[in-house]
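Spelled out, the chains give:
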Amino acid sequence: MLATTDLWFRYQQEPTLKGLTLDFSRQAVTGLVGANGCGKSTLFMNLSGLLRPQQGAVLWQGRPLDYSKRGLLALRQQVATVFQDPDQQIFYTDIDSDIAFSLRNLGVAEDEIARRVDDAMTLVDAQHFRQQPIQCLSHGQKKRVAIASALVLQARYLLLDEPTAGLDPSGRAQMIEIIKRIVAQGNHVVISSHDIDLIYEVSDAVYVLRHGEVLAEGEPGEVFARTALIEQAGLSQPWLVKLHAELGLPQCKTEAEFFRQMRERGNR
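Residues numbered from 1 in each chain as written. Predicted model: local features only at pLDDT ≥ 70, side-chain atom pairs only at ≥ 80, totals over all residues. Heavy atoms only, no water.

## A few points about the environment of leucine 72
Mapped onto the elements, leucine 72 comes out in helix α2 (residues 69–78). Residue classification places leucine 72 among the buried positions, given a relative accessible area of 13%. When neighbours within four sequence positions are excluded, leucine 72 is seen to be in contact with Gly49, Leu65, Asp66 and Tyr67. (Helix = DSSP H or I, 4+ residues; strand = E, 2+ residues; numbered from the N terminus. Buried < 20%, exposed > 50% of the residue type's maximum accessible area, 1.4 Å probe, protein only. Contact = heavy atoms within 4.5 Å.)

This is the structure in structure tokens:
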């Protein structure tokens, strides 16, 4: 269980996070949305133990987070963060060494490392560029390497910061499939993103943040249908929700579902 209870955090005088009580264990994929400065990045750093709240707590397995070196090491094997910029967490020039780095630090046997690295590379569709030097990879390929580096830890929660930022349409579609595969293995994913259409499509629950507070929470279709609230948060509605709200068309979760329903309506 990963959650927060009445979590407050401030860098100086003005609080950045204000009494957040959130639960990321209820659904497989939880989305975090909000305008710049709403506190999403600060929340991620609190969830991973990089920052410590002045009031309230991050809860892991039902208990307040243990900030000892041993406690944080245990947490980060189960709650892994993948940053928006993959260059922030890629250190080696060859892919296998980079992905295996954390496991070697933990003293995992080499045959187990090889198995986990191979499984992670397969899950993120990286086998075909596995032998390329990292400096020759595209931005999207580096993102997949960064995700694989988290997956080898067999973490139960992945915190993805802007996973589709900088990706072309093909890379974005591939990232959605990777997220679905991660969830299919029984893991939880928390996504912080300005890509509202992504959050709407892949999330089972969403939190809307504004000035460090929860403005709304719930099922994405219900939350994003609240036009005035979404505008108040400084966001725009997903295009599928907007079609439903403005034109009365069926509210669908994905583009494929929308066009299928439109074809069925046209054939009646």
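Next comes the rest of the description.
## Considerations on the pattern of salt bridges
Any two side chains of opposite charge can pair, on the condition that their charged atoms come close. Applying the stated rule across the entire model yields twelve salt bridges. Arginine 115 is the partner of aspartate 119 in a salt bridge, and the nearest nitrogen-oxygen pair spans 3.1 Å. With a gap of four residues between them, aspartate 119 and arginine 115 both fall in helix α4 (residues 110–123), about one helical turn apart. Its salt-bridge partner being arginine 172, residue aspartate 195 comes within 2.9 Å of it at the nearest N-O pair. Taken as a pair, aspartate 195 in the loop between β8 (188–192) and α7 (196–202) and arginine 172 in helix α6 (residues 169–184) lie far apart in primary sequence, 23 residues in all. Using a relative accessible area of 23% as the deciding quantity, one classes arginine 172 as partly exposed. Through salt bridges with shared partners, a single ionic network connects Glu112, Arg115, Arg116 and Asp119. (Salt bridge = Lys/Arg side-chain N within 4 Å of Asp/Glu carboxyl O.)

## Quick word on the packing of helix α3 (residues 95–105) against helix α5 (residues 139–151)
Two elements in contact, α3 and α5, have axes separated by 8 Å at closest approach and are oriented at 35°. Note that α3 runs across α5; the crossing there is right-handed. Counting all contacts with α3, which are made through Ile95, Asp98, Ile99 and Ser102, the residues of α5 involved are Val145, Ala148 and Ser149. The residue makeup of the contact of α3 with α5, split by class, is four nonpolar, two polar and one charged. (Axes fitted to C-alpha atoms, helices over the stretch in contact; angles between N-to-C directions. Left-handed = near helix turned anticlockwise from the far one by under 90°. Nonpolar A, V, L, I, M, F, W, Y, C, P; charged D, E, K, R; others polar.)

## Considering the nonpolar core
One broad trend across soluble globular proteins is that nonpolar side chains are buried collectively. Counting 59 residues, the largest nonpolar core has Ile147, Ile191 and Phe224 as the members making the most contacts within it. Tallying contributions element by element places α5 first for this core, with six residues. Excluding residues that lie within four positions of it along the chain, phenylalanine 224 makes contacts with Val33, Ile196, Ile199, Tyr200, Val206, Ile230, Gln237, Pro238 and Val241. The next biggest cluster of nonpolar side chains, apart from the first, holds 24 residues, and it includes Leu20, Phe24, Leu32 and Tyr207. (Core = buried A, V, L, I, M, F, W, Y, C linked by side-chain atoms within 4.5 Å.)

## Let's talk about the environment of threonine 21
In this fold, threonine 21 is placed in strand β2 (residues 15–23). When its relative accessible area of 49% is taken as the criterion, threonine 21 is described as partly exposed. A distance of 2.9 Å separates a polar side-chain atom of threonine 21 from the backbone nitrogen of aspartate 6. (Polar contact = N/O pair within 3.5 Å; in protein donor to acceptor, adjacent residues only side chain to side chain.)

## Considerations on the sheet that holds strand β10 (residues 213–218)
Across the sheet, which stays open at both edges, the six strands sit in the order β6-β7-β8-β3-β9-β10 with mixed pairing between neighbours. Looking at which strands have only one partner, the edges of the open sheet turn out to be β6 (79–82) and β10. Direction aside, the axes of adjacent strands within the sheet are offset by 15° on average. Bridge analysis of strand β7 (residues 157–161) against β8 gives five bridges, and the strand direction is parallel. Its bridge partner lying in β8, leucine 160 is registered against isoleucine 191. On the sheet, α2 packs against β6 and β7 and is oriented at approximately 65° with respect to β6. (Pairing = 2+ DSSP bridges.)

## Description of helix α10 (residues 239–247)
Turning to α10, its buried residues number three or more, namely Leu240, Val241 and Leu243. One side of α10 holds all its buried residues, which, seen down the axis, span an arc of 160°. Buried residues along α10 sit in contact with α7, α8 (220–224) and α11 (255–266). Trailing α10 by a residue or two, glycine 248 shows a phi angle of about 75°, which is positive. (Arc of directions from axis to C-beta.)

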